[in-house]
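Each chain, written out:
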2 protein chains.
Amino acid sequence: MTRHVPGTRHERPTTISDLAERELIDRIQQRLPPKPSWLLVGIGDDAAVVEPERNRADVLTVDALVEGVHFDRAFVPPEAIGHRALAVNLSDLAAMGAAPRLALLSFALPPTLPVADFDAIVCGLTTLAAKYRVHVAGGNLTRTSGPLVIDVTAIGTVKRRQVLTRDRARAGDELYVSGTIGGAAAGLQMLRTTLATTEDTGDTATVSSLVESYLRPEPRVRLGTLLSRNRAATACIDLSDGLGDAVRQLADASGVGATIDAAALPIAPAARAWFESRGADALAESMASDDYELLIAVHPRTRGRLATARRHAGVPLTRIGVCTPERAISIRSNGADSALPAGYSHFGR
Amino acid sequence: MTRHVPGTRHERPTTISDLAERELIDRIQQRLPPKPSWLLVGIGDDAAVVEPERNRADVLTVDALVEGVHFDRAFVPPEAIGHRALAVNLSDLAAMGAAPRLALLSFALPPTLPVADFDAIVCGLTTLAAKYRVHVAGGNLTRTSGPLVIDVTAIGTVKRRQVLTRDRARAGDELYVSGTIGGAAAGLQMLRTTLATTEDTGDTATVSSLVESYLRPEPRVRLGTLLSRNRAATACIDLSDGLGDAVRQLADASGVGATIDAAALPIAPAARAWFESRGADALAESMASDDYELLIAVHPRTRGRLATARRHAGVPLTRIGVCTPERAISIRSNGADSALPAGYSHFGR
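First, a word on scope: everything that follows refers to the structure included in this document. Model, not experiment: these values are computed from the prediction.

### Thoughts on the nonpolar core
A general trend in soluble globular proteins is that nonpolar side chains are found buried together.
Reasoning step 1: Residues F107(B), L109(B) and F118(B) are the most contacted members of the largest nonpolar core, which totals 64 residues.
Reasoning step 2: Ranked by the residues each element gives to this core, the list is headed by helix α2 (residues 78–95) of chain B, at 8 residues.

Now the structure itself:
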């Protein structure tokens, strides 16, 4: 990352304060594909105008990434910041079974931010957008005296009878999680450790796989839309605040309890090795890790449909537990039940 | 406004850091009316799900208010911050001729923000939302180490053939502005002056009218939808960055020039008096004032329809100039033309 070097004027990179708002918007527009036909008015007017998709409901989500809270510019490359800012929203749409369609961007930019970093953030975001055919339809740029804030509103569509909510799990439903867990938390810890020390964090391939799962998580867009279409799931939620929190939210919303089988949890082997080498509790760390995976409740009778969705999406799904009529949420390890560790909370408690 | 007083524990107000995210979300939800039938899934899931309005296009806009850039908590009451954050978006929708429908909120909250201030921000926002039947459908709360950021995404609808864009003005079209200009800039200056000095800023009624136009601007929602329905306007834009900037944007987008008649500008008399008492240029200040008004281009033949819209909306409209085939933008004062003062820019230039 380029840095502002006060006093060495000839080395100072071009920063946000050197450009007009219009020039920054142009830099975003240059990276966008041609306007799709359903986007009646795109960037450049007071608002965007969009033709709704016939017979489908709109699904809307907004999430902000704040420097110092959700990422650290010291070790998260700007392109990964852009990727994550959109991915967190696409993951929310996937959890509702929605196909993503468009995004609005709202950036609060520190004046010292190098324009090269701004470009890289936009590049990370628009590259992921192109992959899932998400069109950037508009947005807002402002300056700030504080940390960089990247706010993304993402909009997708779903047939109204195929919406996946978190509140329809029933006692007896099985709980599945996609992919592996723990990678994001381990990757973040590795990046922090590498920054703080010159310590060797392990073999390069392992490091890069964990660090990648933190920096460039892949939202489960295809899996979410498949589950919605074939009605395999009774409830679905993403792991924004970790699997522990997701289980709690899904169970609470559905009015059920849950028992999780500790031995079944798909903790990424490299993440487990990393946590254990630090003397940390791999289970607790992985349950709080913000991997961009989905937690899915499935009626035992529709297991076959789940297998179909898994095959078409090409994503592993692991059965990790079951919904119970009693409201308690517990984790079973070596035959003994204990309370489920809580997820991450953005605020004080 | 309540303030954090370090060291005096018994006087310390409850702040954001004392509450969990869920508790803050509950405080927002308590202020919302019952969920309308078109809101299939509201606050509480991964995303909101909305039934589109039949035969209408969606109109989408996002705008952020950043503490220290768009408002100063020292003299802007928290309830006015919430009002302005939604109003700026409703004004954008009005400029497209759209009827507002829903909003998503994304707040980045400093941990020291008193919960009473948070509540007042939400109250200001939801009170304006209720007035225009805008439903808060979802959002995101995060903490920040920096200034308070209030990001609002607003969504409205319009018939696709009635969208008001800024790019269809033609040479010969007359330019109109709604309401008065200058009030927001004068009100802001008054608030700053009152804070900095004990100086008397004038008689109370005048002060309060100007200060109100800064703190609680009324977006021209009804006027915008009326103009869209009766096709009085060829182009429309709001004054987010001042009238000067709006004329330039509308003319540039439409490929025309414009001549503005200085004597015709509806500068609020109290604002003019305030600027002149400070030795400031009332014209330049008023042209850069971010009043929540609309600039409208009208073909002379549809002037009758404009009068109808004005009557039904109950908003004064003043003819301030004309679009010209030559691309220059000028202001005519005492028979002499000069370049139009530029509007406000969020960035360096």
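### Concerning the packing of helix α6 (residues 221–230) of chain A against helix α10 (residues 303–313) of chain A
Residues and elements named next belong to chain A.
Reasoning step 1: In contact at an axis separation of 9 Å, α6 and α10 are set at 150° when each is read in the N-to-C sense. Relative to α10, α6 is oriented roughly antiparallel. Two packed elements cross with a definite hand, and for α6 against α10 that hand is right-handed. Contacts from R222, L223, L226, L227 and N230 of α6 reach α10 at R305, L306, T308, A309, H312 and A313.

### What about the state of the cysteines?
Residue and element names in this part refer to chain B.
Reasoning step 1: Applying the stated criterion to the full structure yields 0 disulfides over all chains.
Reasoning step 2: Left unpaired, C236 is separated from the closest cysteine sulfur, that of C323, by 12 Å.
Reasoning step 3: By relative accessible area, C236 is classed as buried at 0%.
Reasoning step 4: By relative accessible area, which is 3% here, C323 ends up buried.

### Examining a positive patch on the surface
All names here are of chain A.
Reasoning step 1: Among the surface-exposed residues, K159, R161, R222, R229, R231 and R305 lie close enough to one another that they form a single positively charged patch.
Reasoning step 2: Within the secondary structure, R161 sits in the loop between β6 (149–158) and β7 (174–178).
Reasoning step 3: Overall, R161 belongs to the exposed group, its relative accessible area being 74%.

### Examining the sheet that holds strand β2 (residues 48–50) of chain A
Reasoning step 1: Read from one edge of the open sheet, 6 strands run β1(A)-β2(A)-β3(B)-β6(B)-β4(B)-β5(B), paired in mixed fashion. The open sheet has two free edges, formed respectively by β1 (39–41) of chain A together with β5 (135–143) of chain B, since each of these has just one partner strand. Averaged over all pairs of adjacent strands, the angle between strand axes in this sheet comes to 20°, irrespective of strand direction.
Reasoning step 2: Examined bridge by bridge, strand β3 (residues 57–66) of chain B and strand β6 (residues 149–158) of chain B share 10 bridges and lie antiparallel to one another. Note that in β6(B) the partner of V62(B) across the bridge is T153(B).

### A few points about the packing of aromatic side chains
Reasoning step 1: In this structure the tally under the stated criterion is 2 aromatic pairs over all chains.
Reasoning step 2: Ring centres 6.2 Å apart and planes at 75° place the aromatic pair F107(B) and F118(B) in the edge-to-face group. With a gap of 11 residues between them, F107(B) in strand β4 (residues 99–109) and F118(B) in helix α3 (residues 115–131) connect regions that are remote in the sequence. Pair check on accessibility: F107(B) and F118(B) agree, each one buried.
Reasoning step 3: Lying over the aromatic face of Y214(A), R84(A) brings its terminal NZ or CZ to 4.3 Å of the ring centre.
Reasoning step 4: Above the plane of the ring of W38(B) lies R101(B), whose end atom (NZ or CZ) is 4.2 Å from the centre.

Basis of the calculations
All residue numbers refer to positions counted from 1 along the written sequence of the respective chain. Here every chain gets a letter starting at A, and every ligand a number starting at 1, in the order they are written. Restriction of local features to residues with pLDDT of at least 70 applies here, the model being predicted, together with a cutoff of 80 or more for giving and counting side-chain atom pairs; totals for whole chains, interfaces and linings are based on all residues. Side-chain figures throughout are based on the complete set of non-hydrogen atoms in the structure, without hydrogens or water. Note on terminology: a nonpolar core comprises buried Ala, Val, Leu, Ile, Met, Phe, Trp, Tyr and Cys residues joined through side-chain atoms within 4.5 Å. For the exposure calls, accessible area comes from a 1.4 Å probe over protein chains only, and a residue counts as buried if that area is under 20% of its type's maximum, exposed if over 50%, partly exposed in between. Numbering of helices and strands starts at the N terminus; helices are DSSP runs of H or I of at least 4 residues and strands are runs of E of at least 2. For helices, the fitted line uses only the C-alpha atoms of the stretch in contact; every axis is such a line through C-alpha atoms, and the angle between N-to-C directions lies from 0 to 180 degrees. Relative orientations are named as follows: roughly parallel for angles under 35 degrees, roughly antiparallel for angles over 145 degrees, roughly perpendicular for angles from 65 to 115 degrees, and oblique for any other angle. In this scheme the handedness of a crossing depends on how the near helix is turned from the far one: anticlockwise by less than a right angle means left-handed, clockwise means right-handed. By definition in these notes, contact holds between two residues if any of their heavy atoms fall within 4.5 Å. Working definition: a disulfide is two cysteine sulfur atoms within 2.5 Å of each other. Excluding any residue in a salt bridge, patches collect residues exceeding 30% relative accessible area, merging like charges within 9 Å and nonpolar Val, Leu, Ile, Met, Phe, Trp and Tyr side chains within 5 Å. Here the open area of atoms and residues is found with the Shrake-Rupley method and a 1.4 Å probe, where only the protein chains shown may cover a residue. Whenever a carboxyl oxygen of Asp or Glu lies within 4 Å of a side-chain nitrogen of Lys or Arg, that contact is scored as a salt bridge. Charge assignment in this entry is limited to Lys and Arg as positive and Asp and Glu as negative, and neither His nor the chain termini are counted. A single reference atom marks each charge: NZ on Lys, CZ on Arg, CG on Asp, CD on Glu. At least two bridges found by DSSP between two strands is the condition for calling them paired. Aromatic pairing here means that ring centres of Phe, Tyr or Trp (its six-membered ring) are within 6.5 Å. Orientation follows from the plane angle: under 30 degrees is stacked, over 60 is edge-to-face, and everything else is tilted. Any Lys NZ or Arg CZ that is within 6 Å of a ring centre and within 35 degrees of that ring's normal is treated as a charge sitting over the ring.

In short, shape yes, function no, at least from these values alone.
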